[in-house]
Amino acid sequence: METPAAAHNRAEPSVELTVTSADRMRDLGRALAKLLRAGDLVMLTGELGAGKTTLTRGLGEGLGVRGAVTSPTFVIARVHPSLGDGPPLVHVDAYRLSGGLDEMEDLDLDVSLPESVIVVEWGEGRIEELTDDRLQIVIHRAVGDTTDEVRHVTLTGLGDRWAGTDLSALSA
């Protein structure tokens, strides 16, 4: 059995990628979908317009779910059922939630988590208590008046679920 100190010192799988267009961001989402399974929580962090929803759109395509994946900003959460035998995608936009985990608990994500892939945009500081196992994705883009489509994406797997997962396969 692993000691807490050993678990803390274990290297978390991480990869940094450069994404050059919205199409490439969707491609990354489709590739990432191949690594995801029911029970996975994905936390997306990035500025407005960074590509969080575009990445999630690619995830939805890769998971083979029903419905157009669009930003759930005003409805907070959307469930996209699988068109096959894969897990549904629950897409959450926590941008308008100010109450932290209390408001997140109202969405019953802990109930949906075991059988779904849950993607939460703007989840930092709000969902960490749901599970120790999550994929954290940070998307950086140039800010200000720019048409630069280049994004720097860092994916980090946290917890036992991601230990030993080769995220570098996503850079291929």
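Higher on the page you've got the structure.
Residues numbered from 1 in each chain as written. Predicted model: local features only at pLDDT ≥ 70, side-chain atom pairs only at ≥ 80, totals over all residues. Heavy atoms only, no water.

Participant: Looking at this structure, how should I read the overall build of the chain?
Facilitator: Each helix and strand in the chain was counted, giving five helices and seven strands. For the chain, the succession of helices and strands along the chain, N to C, is α-β-α-β-α-β-β-α-α-β-β-β. A total of 172 residues make up the chain; the buried ones form 42% of that total. When contacts within the chain are restricted to residue pairs at least 6 apart in sequence, long-range pairs at least 24 apart make up 64% of them. About 8,900 Å² of surface is accessible on the chain, with carbon and sulfur atoms providing 49% of the total. (Helix = DSSP H or I, 4+ residues; strand = E, 2+ residues; numbered from the N terminus. Buried < 20%, exposed > 50% of the residue type's maximum accessible area, 1.4 Å probe, protein only. Contact = heavy atoms within 4.5 Å. Areas by Shrake-Rupley, 256 points an atom, 1.4 Å probe, with all protein chains shown as cover.)

Participant: I tried to follow the environment of L167 on my own but got confused; where do I start?
Facilitator: Mapped onto the elements, L167 comes out in the segment after β7 (151–158). For the pair formed by L167 and E16, sequence separation is 151 residues and the distance between their alpha carbons is 9.3 Å. Setting aside its immediate chain neighbours within four residues, L167 contacts P13, S14, V15, L35, L135, L155, T156, G157 and W162.

Participant: Mind showing me how you'd approach the sheet that holds strand β1 (residues 14–19) here?
Facilitator: Backbone hydrogen bonds are what pair the strands of a sheet, in a parallel or an antiparallel way. One open sheet holds the seven strands; their spatial order is β1-β7-β6-β2-β5-β4-β3, and the pairing between them is mixed. The sheet is open, and its two borders are formed by β1 and β3 (77–80), each paired with just one other strand. Shown here is a sheet whose adjacent strand axes are inclined to one another by a mean of 15°, direction ignored. Direction of pairing for strand β6 (residues 134–141) relative to β7: antiparallel, over a ladder of eight bridges. Note on β7: the bridge partner recorded for V138 is T154. Its contacts with the sheet place helix α3 (residues 52–63) against β2 (41–46), β4 (89–93), β5 (117–121) and β6, and it is angled at close to 170° to β5. (Pairing = 2+ DSSP bridges. Axes fitted to C-alpha atoms, helices over the stretch in contact; angles between N-to-C directions.)

Participant: Is there a simple way to think about α3 in this case?
Facilitator: Because the α-helix completes a turn every 3.6 residues, residues three or four places apart line up on one side. Between its terminal C-alpha atoms α3 stretches 16 Å, which fits the 16 Å expected from 12 residues at 1.5 Å a residue. Of all the residues in α3, the buried ones are K52, T53, T54, L55, T56, G58, L59, G60 and L63. Summarising the contacts, the buried residues of α3 are in contact with α2 (22–33), β2, β4, β5 and β6. In the segment just after α3, G64 is the residue with positive phi, at about 70°. (Expected span 1.5 Å × (residues − 1).)

Participant: Where do I start with the pairing of β6 in this structure?
Facilitator: The two faces of the sheet receive side chains in turn, since in a regular strand these alternate between them. Of the strand pairs in this sheet, β2 and β6 are connected by five bridges, and their pairing is parallel. If you follow L44 over to β6, its bridge partner there is I137.

Participant: I would appreciate a short explanation of the side chain of E121 in the present structure.
Facilitator: Here E121 shows up in strand β5. Here E121 sits buried without a salt bridge, and the closest side chain of opposite charge, K52, lies 4.8 Å off (N-O distance). For E121, the side chain forms a polar contact with the side chain of H91, separated by 2.6 Å. Sequence-distant contacts of E121, defined by excluding residues within four places in its chain, comprise L44, K52, T53, T56, H91, V92, D93, A94 and Y95. (Lys, Arg positive; Asp, Glu negative; His and termini not counted. Salt bridge = Lys/Arg side-chain N within 4 Å of Asp/Glu carboxyl O. Polar contact = N/O pair within 3.5 Å; in protein donor to acceptor, adjacent residues only side chain to side chain.)

Participant: Just checking my understanding: could you explain the pattern of salt bridges for this structure?
Facilitator: Pairing is possible between side chains of opposite charge, provided their charged atoms come close. Evaluation of the coordinates by the stated rule reveals five salt bridges. Taking the shortest distance from any N to any O, the salt bridge between R24 and D27 comes out at 3.5 Å. A residue pair is termed a helical-turn pair when its members lie 3 or 4 positions apart in one helix, as R24 and D27 do in helix α2 at three residues. Of the residues examined, D27 reaches a relative accessible area of 30% and is grouped as partly exposed.

Participant: Any chance you could explain the side chain of T54 here in plain terms?
Facilitator: With respect to the helices, strands and loops of the structure, T54 is situated in helix α3. Apart from residues lying up to four places away in sequence, T54 is in contact with A22, M25 and R26.

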